[in-house]
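The residues making up each chain are set out below.
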Protein chains: 2
Amino acid sequence: MTPNATDSLIQLDTSSLVDKVEANLVKLLVERKLKVGDIIPTELDLSRSLGVSRTVVREALLRLRMMGLIDTKKKKGSVITSPDIFGIMSKSMNPHILDQDTLREIFELRLVLEIGMADLLFQRITPKDIEELKEIVKSEPDTAKDHIFHIDHEIIFHGKLYEIAGNETLKRFQKMLLPIFDYVHNSGLLKKPAQIQKFVSHKGLIDILENGSPELFRNGMRNHLENHFLRIFG
Amino acid sequence: MTPNATDSLIQLDTSSLVDKVEANLVKLLVERKLKVGDIIPTELDLSRSLGVSRTVVREALLRLRMMGLIDTKKKKGSVITSPDIFGIMSKSMNPHILDQDTLREIFELRLVLEIGMADLLFQRITPKDIEELKEIVKSEPDTAKDHIFHIDHEIIFHGKLYEIAGNETLKRFQKMLLPIFDYVHNSGLLKKPAQIQKFVSHKGLIDILENGSPELFRNGMRNHLENHFLRIFG
DNA sequence: GTTTAGCATTATGTATAACATAATGAGACT
DNA sequence: AGTCTCATTATGTTATACATAATGCTAAAC
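All figures in this text were calculated on a predicted structure; none of them were measured in a lab.

The rules behind the values
- Each chain carries its own residue numbering, running from 1 in the written order of its sequence.
- A letter from A marks each chain and a number from 1 marks each ligand, given out in the order of writing.
- In keeping with the model being predicted, local features are shown solely for residues with a pLDDT of at least 70 and side-chain atom pairs are shown and tallied solely at 80 or more, while totals for entire chains, interfaces and linings include all residues.
- Heavy atoms from the whole structure form the basis of all side-chain values; hydrogens and water molecules are not counted.
- Here the copies are superposed with least squares, the fitted atoms being C-alpha atoms of residues at a pLDDT of at least 70 in both.
- Pairs of residues are marked as contacts when any of their non-hydrogen atoms sit within 4.5 Å.
- Throughout this document, a residue counts as near a molecule or strand when at least one of its heavy atoms sits within 4 Å of that molecule or strand.
- N or O atoms closer than or at 3.5 Å make up a polar contact, with two conditions inside protein: a donor-capable atom paired with an acceptor-capable one, and, for residues adjacent in sequence, both atoms drawn from side chains.
- In this description a helix means any DSSP run of H or I spanning at least four residues, a strand means any run of E spanning at least two, and both kinds are numbered starting from the N terminus.
- Under the grouping applied here, Gly and all other residues not named as nonpolar or charged are polar, the nonpolar ones being Ala, Val, Leu, Ile, Met, Phe, Trp, Tyr, Cys and Pro and the charged ones Asp, Glu, Lys and Arg.
- Only buried Ala, Val, Leu, Ile, Met, Phe, Trp, Tyr and Cys residues count toward a nonpolar core, and they belong to the same one when joined by side-chain atoms within 4.5 Å.
- Between buried and exposed lies partly exposed: a residue is buried under 20% and exposed over 50% of the maximum accessible area for its type, with that area taken using a 1.4 Å probe on protein chains only.
- What makes a salt bridge here is a side-chain nitrogen of Lys or Arg within 4 Å of a carboxyl oxygen of Asp or Glu, nothing more.
- The way it works is a 1 Å grid over only the protein atoms, where trapped points that fit a 1.4 Å probe form a cavity and open points with protein on both sides within 12 Å along at least five of seven lines form a pocket, and then any residue with an atom within 4 Å of a point lines it.
- Grid points are joined across faces, edges and corners, and a volume is the space filled by probe spheres set on the points.

A few points about the relation of the copies chain A and chain B
Each copy of the chain is related to the other by a rotation around an axis and a translation along that axis. Once chain A has been moved 0.1 Å along the axis and rotated by 180°, it coincides with chain B to within an RMSD of 0.3 Å. What the superposition gives is, in effect, a two-fold axis relating one chain to the other. Within chain A, Gly116(A) has its C-alpha nearest the rotation axis, a separation of 1.9 Å. A symmetric contact is evident, with 100% of the interface residues of chain A recurring at the interface of chain B.

Topic: the protein's contact with DNA strand D
Close to DNA strand D lie 19 residues; Glu43(A), Arg54(A), Lys75(A), Leu17(B) and Val56(B) are nearest. Protein-proximal atoms of DNA strand D, defined as those within 4 Å of the protein, fall in sugar or phosphate at a share of 68%. In this structure, a phosphate oxygen belonging to DNA strand D sits 2.6 Å away from a main-chain N or O atom of Leu17(B). A total of three residues in the surface near DNA strand D trace back to one element, the largest contributor, which is helix H3 (residues 54-67) of chain B. For the surface near DNA strand D, the class distribution of residues is four nonpolar, six polar and nine charged.

Side note on the nonpolar core
Leu161(A), Phe173(A), Phe217(A), Leu161(B) and Phe217(B) are the most contacted members of the largest nonpolar core, which has 95 residues in total. Each residue touching Leu161(B), except ones within four places of it in the same chain, is listed here: Met117(B), Leu121(B), Leu133(B), Leu209(B), Phe217(B) and Met221(B).

So, the pattern of salt bridges
The tally for this structure, following the rule as stated, stands at 42 salt bridges over all chains. The partner of Asp19(B) in a salt bridge is Arg63(B), with the nearest N and O atoms 2.7 Å apart. Of this pair, Asp19(B) sits in helix H1 (residues 17-31) while Arg63(B) sits in helix H3, placing them 44 residues apart in sequence. For Arg63(B), a relative accessible area of 10% gives the class buried. Several salt bridges share partner residues, and in doing so they unite Lys128(A), Asp129(A), Glu132(A), Lys160(A) and Glu163(A) into one network.

As for the layout of surface pockets
Any empty space left between atoms is shown by rolling a water-sized probe over those atoms. Its volume calculated, the largest pocket comes out at about 980 Å³. Among the elements that take part in the lining of the largest pocket, H3(B) stands out by supplying six residues, more than any other. Considering only residue class, the lining of the largest pocket consists of ten nonpolar, eleven polar and 15 charged. Size it by volume and the second largest pocket reaches roughly 840 Å³. Lining the second largest pocket are 28 residues, and of these Arg58(A), Arg65(A), Thr72(A), Lys73(A) and Arg63(B) sit closest to its centre. When contributions to the lining of the second largest pocket are tallied by element, the ones reaching two or more residues are helix H3 (54-67), strand E2 (70-73), strand E3 (77-80) and helix H4 (85-91) of chain A together with H1 and H3 of chain B.

Next comes the structure, spelled out in structure tokens:
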């Protein structure tokens, strides 16, 4: 690179006041090691001690609230909460707003999760879970016969799997992804039409969970999802 | 259930004005099918046509901005943008703020992703990618010898894999998860100490990518990550 | 004629003041 | 002790004014 006239210019601070206050507040939370349930000063107090208007403080607090860092109640002020990282995200998870590429990618993401969580499943599944899964499939129609793709049963069955996996974050993530998945599934977004053949059934997956291994389950689930993969890869 | 006095009560609307305005704006975006780049009315216009104060409109717009739905520039007003669903999330992805359970779950989540993305990898990998992967491992120290866990090399290698997977959403997700993963890895959060043994090496994974199958890769990757799984399951 | 400097315009950013509203808790009353 | 009432308090909302920065027009300069 050749030196030029801009080399010695420093990056100047274009951040707004609200940005600074927001950063300040987050820093405050981290440094003071404030726990969940602790309350933070009132808007007016913050406004005074930071030397900015209440308007600015409010906007900064609003951001923290959207991040799920605080929960603000009337009169009581704002209290620290454990951030719900997906709660925020789910607000912008509107299929009508996301662009097509992102939609397709989210479709893929769900498939990735289902296959990858085998080890969590096997580590945490209980005999009671197996029984519940069997109950779920018992009420399913015979898909091998009528060849209809039942998204409802898919959701119930797979939702239970996420529950068994014992990872709340994963479960919430899934819960957010499913509507998108359904939307993409039903929209004309994927070129290939949906197949109606199921290679490994829900019953088959339960069998593996009961007697198999994570390794077997991954392959089983991959096979179970074959229809969806075909629509992506063709 | 026995009928009681609350049965006939309707759920009353506790949402704030800002909530309503926000919902209104989102609905506007969806119904009008506004594309990326379109501009929306000014704060004052919205304020007038919605019959609320500019403050309320501002707070609602701020929320949309945080969701990544709009980008607001001075003078020009707000323009629609394609929401970056993970960009928003990364703001609250501060290891110091997330509680321990969530941190551990995110740790798990990354492992799930790595194993589950095998099919995407095989579908989209090119000979050039293979070469680049080989270049990456070439500069790695011999982990079999000095038995040291090199998180830096892990990041480079696995980051490349996500790139190959050809899913931007997944890649961004991963990019957000990695610092958390690293943090959890180094913190005393996981009871079990880190092993320093690697069962399937990066070289081994490349071999599979070159000559194997998604099935083989899943198992290989699972084995490669054995150290981390051991720390979770023990 | 093109460029550039300057200025008016405009929409967002910030500040201030006032009032509305709802939750809280203290004190009075039974 | 219980509960009813009311003052208090902190957030929710409105209104207004000014600051600031981006935009585009206009006119001077070449």
